[in-house]
Amino acid sequence: MTREKIYLFDTTLRDGQQTPGIDFSVEDKIAIATMLDEFGLDYVEGGYPGANPTDTAFFNEKRTQSASFVAFGMTKRAGISASNDPGLASLLQAKSDAICFVAKSWDYHVKVALGCTNEENLESIAESVKAAVAVGKEALVDCEHFFDGYKANPTYALTCAKTAYDAGARWVVLCDTNGGTQPPEVRAIVEAVIACGVPGHCLGIHAHNDTGQAVANSLAAVEAGVRQIQGTLNGIGERCGNANLITLIPTLALKRAYSERFETTIDAERLVGLTGLSHAFDELLNRSPDHQAPYVGASAFATKAGIHASALLKDPRTYEHVPPESVGNFRKVMVSDQGGKSNFINALKRRGIEVGKDDPKLDQLIQIVKEREATGYAYEGADASFELLARRTLGTTPEFFAIDGFRVMVERRFDSHGRVKIVSEAVVKIIIDGETIMSVAEGDGPVNALDLALRKNFGKYQHEIDDLELADFKVRILNGGTEAITRVLIESTDSDGVRWWTVGVSENIIDASFQALMDSVIYKLMKNRHMAGKIAAE
Ligand SMILES: CC(=O)SCCNC(=O)CCNC(=O)[C@H](O)C(C)(C)COP(=O)(O)OP(=O)(O)OC[C@H]1O[C@@H](n2cnc3c(N)ncnc32)[C@H](O)[C@@H]1OP(=O)(O)O
Ligand SMILES: CC(=O)C(=O)O
């Protein structure tokens, strides 16, 4: 039986940006768009060009290779033509493949929020869609408040959807903007839209999670006929968030109720990257992953109940609804250290490191990773440190240099005008081929000074690290109080455009930063020698 495709539309960079406390920089957006694109989503909505300098800059270039890159914005304003609307002009000029227009579909909103007539709103929808199509872009229309609008005035809500479709929109997306609609209502209203002449293969669902039903509403809409789901990574989004793609994707792939009828771009092989994607995104947000997140949480396949553990060891299916490896997660059975071998073997294989399942060094590596993670390391978000640790444990990593020590000093001084100046100075001593090299540097802060000193004079390796740049630096305090442990994650890049993450953990933030900096330099030297950083083709 042929399966119908469900298109996956990510709005992390647009609706996710509306999450209280989340504010992406252009660099964050580029990193997230790349993650989504590589993972294999159909659409990546990048934001609202013209609304703010970050989004405008982000749309100066197309940011995806295979996913359709989508600009978001409102329909043209009433009372002016499409060609005279500056907001619409920004959307048409953005380097995107598609435009997703937000359109009013509740007559009450047309009256109160827009202050125009119902007919003017319909004209805005049609003219905006036609303008997008005329410049060769795919048009999508997010019908804002569609379900509430339908309940208040079904004829007008349906007319809005039909107007968008008739004007040439590839997708008409039904939005539960206030997030209060329940699954049976979604089902019935989607059926009504299809009956009015917008086919299911042109319909999408955009659900908010205000009653905890965003995933259920998205699935109800699919059952009723829609073929595009909009959602976000880890369910971020305005108020209580959006439909969580990290939950929806494995549900569509692994649950027979859906997998027998539908398919998405995320096949079994890509699905293994789900947990890594979810956790890498949390790292980027500098927040702890939700342990109880479905499929990807650290507790999603963990048990400490003796009865469960005993049955799991006989057959994991006794207490698991899907195999954890299928989503890149680990089984955690507290009485066994066997869990997760396959994940390690896969992760290592992807980096060109072959290791047998019975190799004692593999057990040793798993043990080290588990022990280190218990003390605060997080390797999901620090791919380069994981690879270095694996190579050190399983094989040989060249001893490029040794560290003799470092010292960092922060001083509050007054300049000649009596102004306060905070000066950070670092001294680093490294040993290369038996010779000690001492470097001193001043920086904007202690970590900057340490980084500058470390990379100031690397002897015979200096020319190899000249193009190494620190792209990002994140600090997390792992437990409160004076005994706090600090985790530092550093993102590095070089002139090849490759990016890698390293991690350091210590009671002292400077020491944690130093560990992460060291790993970054060693990884770069290994990468230069084609001894690290080679990801096998998927
Ligand atoms: C449901 C959703 O999530 S929709 C997405 C919401 N996201 C955002 O709003 C984030 C980005 N937005 C912004 O930065 C700003 O609102 C901007 C730049 C787009 C517009 O800023 P401003 O021009 O200053 O307008 P402001 O934000 O005060 O109000 C929105 C205006 O858009 C109009 N509008 C709202 N929706 C639509 C629509 N679908 N079609 C046409 N006009 C619309 C409103 O009537 C209002 O017009 P008014 O200024 O004449 O009263
Ligand atoms: C468009 C959108 O984000 C909403 O209606 O919720």
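Just so it is clear, the model here is predicted, and its values are computed rather than measured.

### Observations regarding the site of ligand 1
Near ligand 1, the surroundings consist of 16 residues, among which Q18, T75, R77, V102 and A113 are the closest. R14 is positioned such that a nitrogen or oxygen atom in its side chain is 3.2 Å from an oxygen atom of ligand 1. Between ligand 1 and T75 there is a distance of 2.7 Å, counted from a nitrogen atom to a side-chain nitrogen or oxygen. The fraction of the free accessible surface of ligand 1 (1000 Å²) that becomes covered by protein chains is 55%. For the shell around ligand 1, the secondary-structure elements that each account for two or more residues are β4 (68-74), β5 (98-104) and α4 (107-114). Sorting elements by how many residues they give to the shell around ligand 1 places β5 first, with three residues. Residues that form the shell around ligand 1 fall into these classes: eight nonpolar, three polar and five charged.

### Description of the UniProt feature "domain: Pyruvate carboxyltransferase" (unreviewed entry) in the protein
Within the UniProt annotation, "domain: Pyruvate carboxyltransferase" (unreviewed entry) is assigned to residues 6-272. Between the C-alpha atoms that bound residues 6-272 there is a distance of 19 Å. The span itself is 43% helix and 18% strand.

### Focus on unusual backbone geometry
Of note in this structure, H145 is not a glycine but carries a positive phi near 55°. Mapped onto the elements, H145 comes out in the loop between β6 (138-144) and α6 (146-152). Looking at H145, the relative accessible area reads 5%, which means it is buried. Phi is positive for N286, which is not a glycine, with a value near 60°. Given the relative accessible area of 33%, N286 is considered partly exposed.

### Details of the site of ligand 2
Within the structure, ligand 2 sits among R14, D15, D142, E144, C175, T177, H206 and H208. Contacts to ligand 2 include D15, whose side-chain N or O atom sits 3.0 Å from an oxygen atom. Coverage of ligand 2 by the protein chains reaches 93% of its 220 Å² of free accessible surface.

### Points about the pairing of β6
Every other side chain in a regular strand lies on the same face of the sheet, so the side chains alternate between the two faces. Burial runs high along β6: six of the seven residues are buried. Relative to β6, β5 runs parallel, the two sharing seven bridges. Residue pairing across strands places K104 opposite E144, the latter belonging to β6. Pairing geometry for β6 and strand β7 (residues 171-176), over four bridges, is parallel. Bridging from a neighbouring strand, V141 pairs with V172 of β7.

### Notes on the packing of aromatic side chains
A complete count under the given rule lists 15 aromatic pairs for this structure. Note on Y7 and W171: the rings are 5.1 Å apart at their centroids and 65° apart in plane angle, and the pair reads as edge-to-face. Of this pair, Y7 sits in strand β2 (residues 7-10) while W171 sits in strand β7, and the two are 164 residues apart along the sequence. One Lys or Arg, R14, reaches over the ring of F72 and ends 3.7 Å from the middle of that ring. Residue placement shows R170 over the ring face of W171; its charged tip is 3.9 Å from the ring centre.

### Comments concerning the packing of helix α17 (residues 383-394) against helix α20 (residues 509-528)
Two elements in contact, α17 and α20, have axes whose closest approach is 10 Å; the angle formed by their N-to-C orientations is 70°. Judged by the angle between their axes, α17 and α20 are roughly perpendicular. Along its contact with α17, which presents A384, S385, E387, L388, R391 and R392, the element α20 presents D519, I522, Y523 and M526. The residue makeup of the contact of α17 with α20, split by class, is five nonpolar, one polar and four charged.

### Some words on helix α16 (residues 360-374)
With 15 residues, α16 extends 21 Å from end C-alpha to end C-alpha; this agrees with the ideal 21 Å at 1.5 Å per step. Burial in α16 covers these residues: L362, L365, I366 and V369. All buried residues of α16 fall inside an arc of 95° around its axis, so they share one side. Exposed side chains of α16 directed beyond 90 degrees from the buried face belong to P360 and A374. Of the residues flanking the start of α16, the one acting as N-cap is D359, its side-chain oxygen 2.8 Å from the backbone nitrogen of K361. The positive-phi residue at the C-terminal boundary of α16 is G376, with phi of around 125°.

### Concerning the confidence of the model for the protein
For the protein, the average pLDDT comes to 91, and 94% of its residues sit at 70 or higher. Segment residues 334-339 is flagged for pLDDT under 50; beyond a separation of four residues in sequence, or across chains, it makes nine contacts in the model.

### A short note on the sheet that holds strand β17 (residues 486-493)
In spatial order, the strands read β16-β17-β18; together these three strands make up an open sheet with antiparallel pairing. Single-partner strands in this sheet number two, and they are β16 (469-477) and β18 (499-506). With direction set aside, neighbouring strand axes in the sheet form an average angle of 20°.

### Regarding the side chain of R14
If you trace the backbone, R14 turns up in the loop between β2 and α1 (26-39). Leaving out residues up to four positions away in the same chain, R14 has contacts with E45, G47, F72, D142 and H206.

Procedures and definitions
- Residues numbered from 1 in each chain as written.
- Chains lettered and ligands numbered in written order.
- Predicted model: local features only at pLDDT ≥ 70, side-chain atom pairs only at ≥ 80, totals over all residues.
- Heavy atoms only, no water.
- Near = heavy atom within 4 Å.
- Polar contact = N/O pair within 3.5 Å; in protein donor to acceptor, adjacent residues only side chain to side chain.
- Areas by Shrake-Rupley, 256 points an atom, 1.4 Å probe, with all protein chains shown as cover.
- Helix = DSSP H or I, 4+ residues; strand = E, 2+ residues; numbered from the N terminus.
- Nonpolar A, V, L, I, M, F, W, Y, C, P; charged D, E, K, R; others polar.
- UniProt positions renumbered as here; feature names shortened; annotations may be inferred.
- Buried < 20%, exposed > 50% of the residue type's maximum accessible area, 1.4 Å probe, protein only.
- Pairing = 2+ DSSP bridges.
- Phe/Tyr/Trp six-rings, centres within 6.5 Å; stacked < 30°, edge-to-face > 60°.
- Lys NZ or Arg CZ within 6 Å of the ring centre and 35° of its normal.
- Axes fitted to C-alpha atoms, helices over the stretch in contact; angles between N-to-C directions.
- Parallel < 35°, antiparallel > 145°, perpendicular 65-115°, else oblique.
- Contact = heavy atoms within 4.5 Å.
- Expected span 1.5 Å × (residues − 1).
- Arc of directions from axis to C-beta.
- pLDDT = per-residue confidence, 0-100.

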